[in-house]
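Descriptive analysis of the structure
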Amino acid sequence: MEKPGQNIDFALKETSPKIGAGAVTGDKLSCTYDLVEQMHYLYVRVVKAKELPGKDLTGSCDPYVEVKLGNYRGMTKHFEKKSNPEWRQVFAFSKERIQASILEVIVKDKNVMLDDFIGGIMFDLNEIPKRYTWEVFDTCTVITFGAFDNGHIPGGSGKDTRIGKVRIRLSTLESDRIYTHSYPLLVFHPSGIKKTGEIQLAVRFTCLSVINMLHMYSQPLLPKMHYIHPLSVLQLDSLRYQAMNIVSARLNRAEPPLRKEVVEYMLDVDSHMWSMRRSKANFFRIMNVLSGLVAVTKWFDQICHWRNPITTVLIHVLFIILVLYPELILPTVFLYLFLIGIWNFRWRPRHPPHMDTRLSHADAVHPDELDEEFDTFPTSRSPAIVRMRYDRLRSIGGRVQTVIGDLATQGERFLSLLSWRDPRATTLFLFFCLIAAVVLYVTPFQVVALLTGIYLLRHPRFRHKLPSVPLNLFRRLPARSDSLI
């Protein structure tokens, strides 16, 4: 039974906007412009200055700003005796008349005779993006767009509120194709998943050299020193936390400032915190990965039990051919993988990846699990609620503990075959190994493989419902679970 898709309000929507001077037709532009309008002017906005030093005898200053670009210059108005001025003036320089590569912004103190120099800064015009574009050095780069409600304006809450974010991994995009979609902005609230709006994006990934891009897939993700002297998990967590604080402190001094809550949200700082919802999502991710192996196992079991005689006969023929010509095994495997990839090309993703509420288990989450996810650390809930959640966590942990113990038991049984923990079982296994070595030495490998395959694919009439002898021996082998207290 096919599972229903996610809510249509939370799904990605394709758009056909007007881009640049024309519209998008198919995957190409109908004009020579890029995804955005070309910049015909260089705009310089002078906002404000802080804590300017006094230059007059009275200890005050009359500041103004001078903007210079080659032979062109512009000046703001000046303020009388003000060390924290706000100009908020914009200067526009025509692109055709720009003949310099350096932009100078100078702050001066206005005087009657000669204006005093307070400070200045220079910008290289080659570093200014002419079309809102980014140069990336790896195809696995993820671009994150975040939207926030400014809470630091007069009358605000004093904290930037999350509206939503969109992640786009460049490796999932086809080269030179324009993706125009409307992305839903989703935020998790204590009451559940909420759609707070939509953001329309036009994205195109281009590369100058296909050879260099393909070569990048063979390069290590991290610098060489990370592999020569690897760091521990605790060191990585500590460095990641310190880097987040450094980035947050730096961006907090920008104009306008980016607060710490913005940096934490963009970097997914809280992703390591316990969440029942995330645990379920990761569990079903693992099950989805293993579903292919489970499907192959079921298919092979159907072959062995002759559910479809024609298919089983064809498998017998293929098996005999591979046994008689073993040099065809690896070519057949890789050819099969190639054909699977070509077949799946028809169902390749047509849209960029986006937030999936079903994958995140966000569309049907229990209210108490939501409350637990948004709880502070340490907890601020009542002892009764904490006791209930602790008991629930113990129950889940018990099941996980049982699964891990079973996996450890099976591994220890394999190790006990040669460790003489069970002398009789080890003796039987050693005699079997000796006899198998002699038989395999005098018998051609093709004959052994052929007989083994025919035995595994034998008709159900020749099968018994009881477990096999090797399985009975394996299940009787001891494990270290007997030594646990």
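Residues numbered from 1 in each chain as written. Predicted model: local features only at pLDDT ≥ 70, side-chain atom pairs only at ≥ 80, totals over all residues. Heavy atoms only, no water.

A word on the sheet that holds strand β1 (residues 13-14). Across the sheet, which stays open at both edges, the three strands sit in the order β1-β13-β14 with antiparallel pairing between neighbours. Both edges of this open sheet fall to β1 and β14 (192-204), since each of them pairs with a single strand only. Across two bridges, the pairing between β1 and strand β13 (residues 178-189) is antiparallel. Each residue of the ladder has a partner; that of Glu14, found in β13, is His181. (Pairing = 2+ DSSP bridges. Helix = DSSP H or I, 4+ residues; strand = E, 2+ residues; numbered from the N terminus.)

Right, let's get into the nonpolar core. Ranked by internal contacts, the top residues of the largest apolar core, which has 18 residues, are Val65, Val67 and Phe93. In this structure Val65 touches Val46, Gly74, Met75, Thr76, Trp87, Val105, Ile106 and Val107, once residues within four positions along its chain are discounted. Ile143, Ala147, Leu170 and Tyr179 belong to the second largest nonpolar core, which has 14 residues in total. (Core = buried A, V, L, I, M, F, W, Y, C linked by side-chain atoms within 4.5 Å. Buried < 20%, exposed > 50% of the residue type's maximum accessible area, 1.4 Å probe, protein only. Contact = heavy atoms within 4.5 Å.)

If you walk through the whole model with that rule in mind, you get one cavity of 30 Å³ or more. If you add up the space inside the largest cavity, you get close to 40 Å³. Lining the largest cavity are Lys165, Val166, Tyr183, Pro184, His354 and Met355. When its residues are assigned to classes, the lining of the largest cavity shows four nonpolar, one polar and one charged. (1 Å grid on protein atoms, 1.4 Å probe; cavity = no way out; pocket = protein on both sides within 12 Å on 5 of 7 lines; lining within 4 Å. Points joined across faces, edges and corners; volume = space filled by probe spheres on them. Nonpolar A, V, L, I, M, F, W, Y, C, P; charged D, E, K, R; others polar.)

With 29 residues, helix α5 (residues 276-304) ought to run about 42 Å at 1.5 Å a step, and its terminal C-alpha atoms sit 40 Å apart, in line with that. If you look at α5, its biggest bend is around 35°, right at Leu290. Looking only at α5, the buried set comprises Met276, Arg277, Ala281, Ile303 and Cys304. Among the structural elements, β13, α6 (309-324), α8 (367-373), α9 (383-415) and α11 (445-456) are those in contact with the buried residues of α5. Positive phi appears at Trp306, one or two residues downstream of α5, with a value of about 55°. (Expected span 1.5 Å × (residues − 1). Bend = angle between axes of the 7 residues up to and from the residue.)

Here we come to the pattern of salt bridges. Throughout the structure, instances matching the rule amount to 20 salt bridges. For Asp268, the salt bridge identified is with Lys165, shortest N-O distance 2.4 Å. Here Lys165 lies in strand β12 (residues 161-169) and Asp268 lies in the loop between α4 (260-266) and α5, a separation of 103 residues in the sequence. When its relative accessible area of 25% is taken as the criterion, Asp268 is described as partly exposed. In this structure, the salt-bridge partner of Arg277 is Glu373, at a minimum N-O distance of 2.7 Å. Taken together, the positions of Arg277 in helix α5 and Glu373 in helix α8 put the pair 96 residues apart, joining distant regions of the chain. (Salt bridge = Lys/Arg side-chain N within 4 Å of Asp/Glu carboxyl O.)

Glancing now at the UniProt feature "transmembrane region" (unreviewed entry) in the protein. According to UniProt, the feature "transmembrane region" (unreviewed entry) maps to residues 283-300, 312-345 and 428-457 in the numbering used here. Helix makes up 85% of residues 312-345 and strand 0%, and the two end C-alpha atoms of the span are 28 Å apart. (UniProt positions renumbered as here; feature names shortened; annotations may be inferred.)

Bringing the environment of Tyr441 into the picture now. Within the secondary structure layout, Tyr441 lies in helix α10 (residues 423-442). For the pair formed by Tyr441 and Pro53, sequence separation is 388 residues and the distance between their alpha carbons is 93 Å.

Quick look at the pairing of strand β7 (residues 72-75) now. Where strand β6 (residues 63-69) and β7 come together, four bridges link them in antiparallel fashion. Note that in β7 the partner of Val67 across the bridge is Gly74. Joining the antiparallel neighbours β6 and β7 is a turn of two residues, in which Gly70 adopts a positive phi near 65°.

We now examine the sheet that holds β6. Ordered in space as β7-β6-β9-β10, the four strands form an open sheet in which the pairing is antiparallel. Two strands lie at the open edges of the sheet, namely β7 and β10 (116-124), each paired on one side alone. Each adjacent strand pair in this sheet contributes to an overall mean axis angle of 20°, direction not counted. Relative to strand β9 (residues 102-109), β6 runs antiparallel, the two sharing seven bridges. When the bridges of β9 are listed, Tyr64 appears paired with Lys108. (Axes fitted to C-alpha atoms, helices over the stretch in contact; angles between N-to-C directions.)

Next up on the list: the packing of α5 against α6. The geometry of α5 relative to α6 is characterised by a closest axis approach of 8 Å and an angle of 95° between their N-to-C directions. The angle between the axes of α5 and α6 places the two elements in the roughly perpendicular class. Counting all contacts with α5, which are made through Trp299, Gln302 and Ile303, the residues of α6 involved are Thr311, Thr312 and Ile315. Counted by class, the contact of α5 with α6 contains three nonpolar, three polar and no charged residues. (Parallel < 35°, antiparallel > 145°, perpendicular 65-115°, else oblique.)

Next up on the list: the packing of α6 against α11. At a minimum axis distance of 9 Å, the contact between α6 and α11 shows a crossing angle of 165°. With respect to their mutual orientation, α6 and α11 come out roughly antiparallel. Helix-helix and strand crossings are classified by hand; for α6 and α11 the assignment is right-handed. Here α6 contributes Phe319, Ile320, Val323 and Leu324 to the contact with α11, which in turn contributes Gln446, Ala449, Leu450, Gly453 and Ile454. Residue composition of the contact of α6 with α11, grouped by class: seven nonpolar, two polar and no charged. (Left-handed = near helix turned anticlockwise from the far one by under 90°.)

Phe377 connects to Pro378 through a cis peptide bond whose omega is 0°. Following the sequence through the fold, Pro378 ends up in the loop between α8 and α9. Unlike most non-glycine residues, Glu51 shows phi in positive territory, near 50°. Using a relative accessible area of 69% as the deciding quantity, one classes Glu51 as exposed. Its identity is not glycine, yet Trp306 carries a phi of approximately 55°, on the positive side. Within the secondary structure, Trp306 is located in the loop between α5 and α6.

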